Amino acid sequence: MKSVIKKNLFLEGKTKKIYNTNNPFQVLIHYKDNITACNGLQNKFLQDKGILNNEISTLVFKFINSCEIKTHFIRKINNREQLCHKVDIIPLEFVVRNIVAGSMSKRLNIKEGVRLLNPIFEIFYKNDKLKDPLINDHHAVFLGIISYEELNNIYKIISNVNNIIKKYFLDKNIILVDFKIEFGKDHKNNILLSDEITPDTCRFWDKKTMKKLDKDLFRMKLQEDVLDIYMEILKRLNVK
Ligand code: TMP
């Protein structure tokens, strides 16, 4: 296996840093130790949270890769870093909902916890100035972000990913309420599932008690330090 040499910082987000490597088509993704909510208005340092999220996302992406779905993930390099294919991120957040919660519950005044007969897909336009508005397919195509064909392809992928990870988590006594995922294009224009799958980007509820096991505890100011919850998720994922 060719050794990976970490080069310059290419991008820094709220919870991750991306470094170039000696391979122009690969990057190192570094998970930071902070937790944010409300577009960065809530931002807290949580020692070692990056280690937990790196490991959780690694386990989930390894599983998705094993199901022959194309993702950016190559392998975990160390506690905080993973090697990934370099992609141009499509500026859309795809949200998949299995149970009503969060913004859907507020927007439509539906009680949290109502099960959806079919998963609902939503797209949010990644634009800080506009505060990431909810848009539809036609807006995304009009904005020149994506084509209808690419959107259809992505909907097939997220439907597939939802089915396989919903079961993966349920086997570990975790209900996958909803999640957010992003896609990118590699240098050959392949669309790859990218981003992370962690308690920062998913809503997880305990199968027996229906208690929240994710960032909602921080978002809703129910619990300041959510490390123990993230550790619990990792512990469950590691049970064979
Ligand atoms: P929402 O109910 O607030 O729209 O969130 C839906 C899902 O998307 C939930 O699992 C949390 C995740 N999410 C992110 O990962 N990043 C974000 O910026 C937002 C708004 C939601």
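Since the structure is predicted, the reported quantities are computational estimates derived from the model, not experimental observations.

## Quick word on the pairing of strand β10 (residues 115-125)
Phase 1: With 7 bridges connecting them, strand β9 (residues 92-99) and β10 associate as antiparallel partners. Looking across to β10, one finds that Arg-97 is bridged to Ile-120.
Phase 2: When β10 meets strand β11 (residues 134-135), the two strands line up antiparallel, connected through 2 bridges. Residue pairing for β11: Ile-123 is matched across the bridge by Ile-135.

## A look at the pattern of salt bridges
Phase 1: Applying the stated rule across the entire model yields 25 salt bridges.
Phase 2: Of the charged contacts in the structure, one is a salt bridge between Lys-49 and Asp-200, with a shortest N-O distance of 2.6 Å. Taken together, the residues span a long stretch of sequence, with Lys-49 in helix α1 (residues 49-66) and Asp-200 in the loop between β13 (191-194) and β14 (202-206) at a distance of 151 residues. Neither Lys-49 nor Asp-200 differs from the other in exposure class; each is buried.
Phase 3: Put simply, Lys-212 and Glu-112 hold a salt bridge, and the shortest N to O gap is 2.8 Å. Placement of the pair is Lys-212 in the loop between β14 and α5 (216-219) and Glu-112 in the loop between α2 (102-108) and β10, with a sequence separation of 100 residues.
Phase 4: A network of salt bridges, in which partner residues are shared, links Arg-97, Arg-107, Glu-112, Glu-122, Asp-178, Arg-203, Lys-212, Asp-216 and Arg-219.

## Quick notes on the state of the cysteines
Phase 1: Counted under the stated rule, the structure contains 0 disulfides.
Phase 2: Note on Cys-67: no disulfide assigned, nearest cysteine sulfur contributed by Cys-202 at a separation of 15 Å.

## Focus on helix α4 (residues 148-170)
An α-helical turn contains 3.6 residues, so a residue and the one three or four places further along point in the same direction.
Phase 1: Compared with an ideal rise of 1.5 Å per residue, which puts 23 residues at 33 Å, α4 spans 32 Å between its outermost C-alpha atoms and is within 8% of the ideal.
Phase 2: Of all the residues in α4, the buried ones are Glu-150, Leu-151, Ile-154, Tyr-155, Ile-157, Ile-158, Val-161, Asn-162, Ile-164, Ile-165, Tyr-168 and Phe-169.

## Thoughts on the nonpolar core
Phase 1: Membership of the largest hydrophobic core comes to 51 residues, with the highest contact counts inside it found for Phe-94, Ile-165, Phe-169 and Phe-183.
Phase 2: Among the elements that take part in this core, α4 stands out by supplying 10 residues, more than any other.
Phase 3: Setting aside its immediate chain neighbours within four residues, Phe-94 contacts Glu-122, Ile-123, Leu-151, Ile-154, Tyr-155, Ile-158, Phe-179, Lys-180, Ile-181 and Phe-183.

## Looking at unusual backbone geometry
Phase 1: Even without a glycine there, the phi angle at Asn-189 is positive, about 70°.
Phase 2: When you line up the elements, Asn-189 lands in the loop between β12 (174-185) and β13.

## A word on the sheet that holds strand β6 (residues 73-78)
Phase 1: Read across the open sheet, the 5 strands follow the order β1-β2-β3-β7-β6; overall the sheet is antiparallel. Of all the strands in the sheet, just β1 (6-12) and β6 have a single pairing partner and so form its edges. On average, each strand axis in the sheet is inclined to that of its neighbour by 30°, with strand direction left out of account.
Phase 2: In terms of strand pairing, β6 meets strand β7 (residues 81-85) through 4 bridges, oriented antiparallel. Looking at β7, one finds that Lys-76 is bridged to Gln-82.
Phase 3: Its contacts with the sheet place α1 against β3 (26-31), β6 and β7, and it is angled at close to 150° to β6.

How each quantity is defined
- Residues numbered from 1 in each chain as written.
- Predicted model: local features only at pLDDT ≥ 70, side-chain atom pairs only at ≥ 80, totals over all residues.
- Heavy atoms only, no water.
- Pairing = 2+ DSSP bridges.
- Helix = DSSP H or I, 4+ residues; strand = E, 2+ residues; numbered from the N terminus.
- Salt bridge = Lys/Arg side-chain N within 4 Å of Asp/Glu carboxyl O.
- Buried < 20%, exposed > 50% of the residue type's maximum accessible area, 1.4 Å probe, protein only.
- Disulfide = S-S within 2.5 Å.
- Expected span 1.5 Å × (residues − 1).
- Core = buried A, V, L, I, M, F, W, Y, C linked by side-chain atoms within 4.5 Å.
- Contact = heavy atoms within 4.5 Å.
- Axes fitted to C-alpha atoms, helices over the stretch in contact; angles between N-to-C directions.

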